[in-house]
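Listed below are the residues making up each chain.
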Amino acid sequence: YTLPEMPYAYDALEPHIDAQTMEIHHSKHHQKYTDGMNGALEKLSPELQGKDIEEILSNIKQVPDDVKGAINFNGGGYDNHKLFWNSMKQNGGGEPTGAISDAINDSFGSFAEFKELFSSKTAPIQGSGWGWLVYNPNSGKVEYKAMSNQTSPRTEGLVPLLGLDVWEHAYYLKYQNKRPDYIAAWWNVINWDEVNDRFSRSEERRVGKECRSRWS
Ligand code: MN3
């Protein structure tokens, strides 16, 4: 694996997320998770190595104990940040449309209620972690999930749709201790089309599985 390229310039999310934070976050932090994951993958059996990282995280129980922690942390860090960059864009924000909008209304009542719940649960995450909007393939619904450190929602059978990194490295240069201000600003850069695509793909996979099991 190599460090995924940024889909936009480091200063594209200004003034909400500053260019220096974006550059260090991507070129140093994301690079470190990528290197750490490659190192951990070398210790896996060729059979597991051949699977993509999303699949390995979804089946973390099959990873041998001596590498599990490193895959969980660095593999999660690699995947989480890749999702993070792609779920933001210049002049993003606003309200979601399409299937994800209906799913959010169904689970949370309205977009305003979802936004309030996501912000109020993500701000107090202790230490380092992420707030996530996830798709639960068992219920067929979207849910909120707080995860600590770099542990991926995939390790709990959930599909990550939209995540917010609240490690201090994600906001401290501009916002210092004011994490709620960073969270409030982040809503202005969300790429809802990307989140909607991710949701639609997850749901198609679930429906596809159900059809196959019904006819087999
Ligand atoms: Mn980070």
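As shown above, the structure is provided for reference.
Residues numbered from 1 in each chain as written. Predicted model: local features only at pLDDT ≥ 70, side-chain atom pairs only at ≥ 80, totals over all residues. Heavy atoms only, no water.

Chemist: Outline the packing of helix α1 (residues 19-41) against helix α4 (residues 65-86), supporting the account with residue identities and numerical values.
Modeler: Each packed pair of helices is defined by two parameters, the angle between the axes and the distance between the axes. Viewed as axis vectors pointing N to C, α1 and α4 meet at an angle of 145 degrees, and their least axial separation amounts to 8 Å. For the pair α1 and α4, the sense of crossing is left-handed. On α4, the residues that touch M22, H25, H26, H30, K32, Y33, T34, G36, M37, A40 and L41 of α1 are V67, A70, I71, F73, N74, G75, G77, Y78, H81, K82, F84 and W85. Split by residue class, the contact of α1 with α4 holds 12 nonpolar, 9 polar and 2 charged. (Axes fitted to C-alpha atoms, helices over the stretch in contact; angles between N-to-C directions. Helix = DSSP H or I, 4+ residues; strand = E, 2+ residues; numbered from the N terminus. Left-handed = near helix turned anticlockwise from the far one by under 90°. Contact = heavy atoms within 4.5 Å. Nonpolar A, V, L, I, M, F, W, Y, C, P; charged D, E, K, R; others polar.)

Chemist: Could you give an account of the sheet that holds strand β1 (residues 129-136), with specific residues and numbers?
Modeler: With antiparallel pairing, 3 strands are arranged side by side in an open sheet as β2-β1-β3. The outermost strands of the open sheet, each flanked by one partner alone, are β2 (141-148) and β3 (159-165). Sheet twist, expressed as the average angle between the axes of neighbouring strands with direction ignored, equals 25 degrees. Direction of pairing for β1 relative to β2: antiparallel, over a ladder of 8 bridges. Across the sheet, residue Y135 finds its bridge partner in β2, namely V142. Across the sheet, helix α5 (residues 99-108) lies against β1, β2 and β3, angled at about 80 degrees from β2, the strand it touches most. Each of β1, β2 and β3 touches helix α6 (residues 111-122); the most contacted strand, β1, lies at about 140 degrees to it. (Pairing = 2+ DSSP bridges.)

Chemist: I'd like a description of the environment of N138, backed by residues and values.
Modeler: Relative to the helices and strands, N138 is located in the loop between β1 and β2. When its relative accessible area of 72% is taken as the criterion, N138 is described as exposed. Spatially, the C-alpha atoms of N138 and R206 are 8.7 Å apart, while their sequence positions differ by 68 residues. (Buried < 20%, exposed > 50% of the residue type's maximum accessible area, 1.4 Å probe, protein only.)

Chemist: Outline the packing of α5 against α6, listing residues and values.
Modeler: Running from N to C, α5 and α6 point in directions that differ by 70 degrees, and their axes come no closer than 8 Å. What the angle tells us is that α5 and α6 run roughly perpendicular. Here I104, N105 and F108 of α5 lie close against α6, whose contacting residues are F111, E113, F114 and L117. Grouping the amino acids of the contact of α5 with α6 by side-chain chemistry returns 5 nonpolar, 1 polar and 1 charged. (Parallel < 35°, antiparallel > 145°, perpendicular 65-115°, else oblique.)

Chemist: Residues and numbers for a positive patch on the surface, please.
Modeler: Together, R201, R205, K209 and R212 line one region of the surface with positive charge. Mapped onto the elements, K209 comes out in helix α9 (residues 192-215). The exposure class assigned to K209 is exposed, which follows from its relative accessible area of 57%. (Patch = residues over 30% accessible without salt bridge, like charges linked within 9 Å, V, L, I, M, F, W, Y side chains within 5 Å. Areas by Shrake-Rupley, 256 points an atom, 1.4 Å probe, with all protein chains shown as cover. Salt bridge = Lys/Arg side-chain N within 4 Å of Asp/Glu carboxyl O. Lys, Arg positive; Asp, Glu negative; His and termini not counted. Charge placed at Lys NZ, Arg CZ, Asp CG, Glu CD.)

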